[in-house]
Amino acid sequence: MKLLLIAVLTGATPFATSAVAEDHTPSADEVQVAELSVTGAFIRATLPHAPVAGGYMTIANHGITDDRLLSVTAPIGERTDIHEMTIENDVMTMRALPDGLPVPAGETVSLQPAGNHLMIMGLSAQLVEGQSYDLTLKFENVGEVTVPFDVLALNARKHPGLQETDTHAPE
Ligand SMILES: [Cu+2]
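Residues numbered from 1 in each chain as written. Predicted model: local features only at pLDDT ≥ 70, side-chain atom pairs only at ≥ 80, totals over all residues. Heavy atoms only, no water.

With respect to the pairing of strand S10 (residues 132–139)
Under the convention used in this document: Between any two strands, pairing holds if DSSP finds at least two bridges. What counts as a helix is a DSSP run of H or I of at least four residues, what counts as a strand is a run of E of at least two, and both are numbered from the N terminus.
Alignment of strand S4 (residues 67–73) against S10, held across four bridges, turns out to be antiparallel. Along S10, the bridge assignment pairs Thr73 with Thr136. Note that S10 and strand S11 (residues 143–152) share eight bridges and pair antiparallel. Along S11, the bridge assignment pairs Lys138 with Glu144.

Shown next, in the form of structure tokens:
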């Protein structure tokens, strides 16, 4: 597996024009922090004035220590919750995970549409496909890591750059 190490980015403003030309093609680059790796991070684009947006990614824990995603901060939202999706009486409901999201040793945890997800609330701007925002993830064990989230289409289901790991996934 190709590992691409990305240094933790510092304080990039969402709409700042960068002197350095950047490749904005969604790449699903892997971001590593200690034994954790985050891949396929994306946010769904929003309609104008939409108050919330969903964020998705895959977190793999290659270590021998259980970890936990405690909190997330986004530059374009007042607050970001970690939501769990459950089905109660045939109705899909979501609720914030008060103790964060467990990432057990040796396991891979996916946040995906119709499943657990990040919910960015109080959006300060419309999210447009092709943008990218740096979200800061705080883990109990490995600490903070900044991960670029590509803004994909309104109905995106997965990051196009993410490698297929399970071709037999049920639909
Ligand atoms: Cu939610």
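And the narrative resumes.
Let's talk about the coordination of the copper ion
In plain terms, the rule: The donor set covers N, O and S atoms within 2.8 Å of the metal, switching to 3.2 Å for Na, K and Ca, and it leaves out water, so a site may look short of donors. When four donors show all angles between 85 and 135 degrees the site is tetrahedral, when four or six donors have opposite pairs over 155 degrees and all other angles between 65 and 115 it is square planar or octahedral respectively, and in every other case it is irregular. Only protein chains enter the area calculation, which uses a 1.4 Å probe; residues under 20% of their type maximum are buried, those over 50% are exposed, and those in between are partly exposed.
For the copper ion, every protein donor is listed as His83 (ND1), Met94 (SD), His117 (NE2) and Met119 (SD), and the spread of their distances is 2.0 to 2.6 Å. Geometry at the copper ion is tetrahedral, judged from the four donor atoms that bind it and their angles of 95 to 128 degrees at the metal. Counting gaps between the donor residues of the copper ion yields the pattern H-x10-M-x22-H-x1-M. Within this pair, whereas His83 is found in strand S5 (residues 79–88), its partner Met119 is found in strand S9 (residues 117–121), the two being separated by 36 residues in sequence. By relative accessible area, which is 7% here, His83 ends up buried. Residue classification places Met119 among the buried positions, given a relative accessible area of 12%.

Spatial relationships are all this shows, so hold off on functional conclusions.
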